[in-house]
Amino acid sequence: MTVIDDELTEEHELGSGLVGKAQGYYVASSEDGSSQTMAFTAMFEGDGYASSLSFFGVYRTALSESLLAIMGGTGKYINAKGYAMVKTIPCANQDNADGAETLLQIIVYLAH
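Just so we're clear, the structure is a prediction, and the values are computed from it rather than from any experiment.

1. Considerations on unusual backbone geometry
Okay, so step 1: With a phi angle near 70 degrees, tyrosine 49 is a residue other than glycine that sits in the positive phi range.
Okay, so step 2: Along the chain, tyrosine 49 falls in the loop between strand 3 (35–44) and strand 4 (51–60).
Okay, so step 3: Its relative accessible area of 30% is what places tyrosine 49 among the partly exposed residues.

2. Here we look at the confidence of the model for the protein
Okay, so step 1: In this model, the protein carries an average pLDDT of 87, and 90% of its residues clear a pLDDT of 70 or more.
Okay, so step 2: Per-residue pLDDT, averaged within each element of the protein, yields its smallest value for strand 7 (residues 103–111) (90) and its largest for strand 5 (residues 66–74) (96).

3. Some thoughts on a nonpolar patch on the surface
Okay, so step 1: On the surface, Leu104, Ile106, Val108 and Leu110 cluster together to form a nonpolar patch covering roughly 250 Å² of accessible area.
Okay, so step 2: When you line up the elements, isoleucine 106 lands in strand 7.

4. A look at the environment of serine 51
Okay, so step 1: Residue position: serine 51 is located in strand 4.
Okay, so step 2: On the basis of relative accessible area, serine 51 is assigned to the buried category, the value being 1%.
Okay, so step 3: For the pair serine 51 and serine 16, spaced 35 residues apart in sequence, the C-alpha to C-alpha distance is 21 Å.
Okay, so step 4: For serine 51, the contacting residues outside a window of four places in its chain are Ala42, Met43, Phe44, Thr74, Gly75, Lys76 and Tyr77.
Okay, so step 5: One polar contact links serine 51 to aspartate 47, side chain to side chain, over a distance of 2.4 Å.
Okay, so step 6: At 3.0 Å, the side chain of serine 51 forms a polar contact with the backbone nitrogen of lysine 76.

5. Observations regarding the environment of threonine 74
Okay, so step 1: For threonine 74, the location among the structural elements is in strand 5.
Okay, so step 2: Owing to a relative accessible area of 34%, threonine 74 belongs among the partly exposed residues under this scheme.
Okay, so step 3: The residues contacting threonine 74, other than those within four sequence positions of it, are Ala50, Ser51 and Ser52.
Okay, so step 4: A distance of 3.1 Å separates the side chain of threonine 74 from the backbone oxygen of alanine 50, its partner in a polar contact.

What counts and what doesn't
Residues numbered from 1 in each chain as written. Predicted model: local features only at pLDDT ≥ 70, side-chain atom pairs only at ≥ 80, totals over all residues. Heavy atoms only, no water. Helix = DSSP H or I, 4+ residues; strand = E, 2+ residues; numbered from the N terminus. Buried < 20%, exposed > 50% of the residue type's maximum accessible area, 1.4 Å probe, protein only. pLDDT = per-residue confidence, 0-100. Patch = residues over 30% accessible without salt bridge, like charges linked within 9 Å, V, L, I, M, F, W, Y side chains within 5 Å. Areas by Shrake-Rupley, 256 points an atom, 1.4 Å probe, with all protein chains shown as cover. Salt bridge = Lys/Arg side-chain N within 4 Å of Asp/Glu carboxyl O. Contact = heavy atoms within 4.5 Å. Polar contact = N/O pair within 3.5 Å; in protein donor to acceptor, adjacent residues only side chain to side chain.

This is the structure we're talking about:
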């Protein structure tokens, strides 16, 4: 199990504008580690972190994209429904202290 407590930014470049933070966890859910069950909440800075979306699903590292379900939300996203497309972004020209950094692009399709 790995804990997520990361910044959410507008773009993938270092120094990109902060839009919120993601907190939750993921667990390797396949023998070879290529599937990870993820559960996390994205909290948005714009209203003091009162608005959030909750995500759950399987992220498959071997695929170009995976889909996660949006399980609900708070604040301006109360009763939200939808899904998120998750893609891995290569970490070119960025410092990496421990060799385990992964950047994810999350595109949200939402109805609320």
